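Listed below are the residues making up each chain.
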Amino acid sequence: MTAVYVTVLALLSAAGALTLVRAVRGPALLDRIIAMDVVITLIVGAISVGLLVLDEPRAAVLLVVVALLAFVGTVAAAHLVEEREDLR
């Protein structure tokens, strides 16, 4: 089962690296916002795998907190972009 966890974490790391490249090279602000949201989603996935490896289900509250922070951050960023476009 350890090979499965290592494989999943390696794939999540590769996806995170590619997403960070997209966040840096993204031509528009919305591309960067979406890329950072995907990075946070990948972090939640990695924390989930880590919790499975450690067999620590009580720490799942951490997942909820990180997911809520990601949601609030994405909504705030979208609101900021919308306001910026209204000023044009």
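Conventions adopted
Residues numbered from 1 in each chain as written. Predicted model: local features only at pLDDT ≥ 70, side-chain atom pairs only at ≥ 80, totals over all residues. Heavy atoms only, no water. Helix = DSSP H or I, 4+ residues; strand = E, 2+ residues; numbered from the N terminus. Rg over C-alpha atoms; globule rule 2.2 N^0.38 Å. Expected span 1.5 Å × (residues − 1). Buried < 20%, exposed > 50% of the residue type's maximum accessible area, 1.4 Å probe, protein only. Contact = heavy atoms within 4.5 Å. Patch = residues over 30% accessible without salt bridge, like charges linked within 9 Å, V, L, I, M, F, W, Y side chains within 5 Å. Areas by Shrake-Rupley, 256 points an atom, 1.4 Å probe, with all protein chains shown as cover. Salt bridge = Lys/Arg side-chain N within 4 Å of Asp/Glu carboxyl O.

Overview of the overall build of the protein
When helices and strands are tallied, the protein shows three helices and zero strands. Tracing the protein from N to C terminus, the helices and strands come up as α-α-α. Scaling as 2.2 N^0.38, a compact globule of 88 residues should have a C-alpha radius of gyration of about 12 Å, whereas the protein reaches 16 Å, well beyond that. Dimensions along the principal axes, computed over C-alpha positions, put the protein at roughly 55 × 25 × 10 Å.

Side note on helix α2 (residues 29-54)
It helps to recall that an α-helix has 3.6 residues per turn; residues three or four apart then point in one direction. Compared with the 38 Å implied by 1.5 Å per residue over 26 residues, the 37 Å span of α2 between its first and last C-alpha is a close match. Of the positions making up α2, those classed as buried are Ile33, Ala35, Val39, Leu42, Val44, Val49 and Leu51. Looking one or two residues beyond α2, the residue adopting positive phi is Asp55, at roughly 55°.

Comments concerning the side chain of Thr19
Locating Thr19 in the fold gives a position in helix α1 (residues 2-25). Overall, the relative accessible area of 13% leaves Thr19 in the buried class. Here Thr19 is in contact with Ala35, Val38, Val39 and Leu42, once residues within four sequence places are set aside.

Some words on the environment of Val65
Mapping Val65 onto the fold places it in helix α3 (residues 60-87). The class of Val65 is partly exposed, set by a relative accessible area of 42%. Val65 sits 21 residues away from Val44 along the chain, and the two C-alpha atoms are 9.7 Å apart.

Looking at a nonpolar patch on the surface
Together, Met1, Val4 and Val8 make up an exposed nonpolar region whose accessible area comes to about 290 Å². Along the chain, the position of Val8 falls in helix α1.

These values are about where atoms sit, not about what they do.
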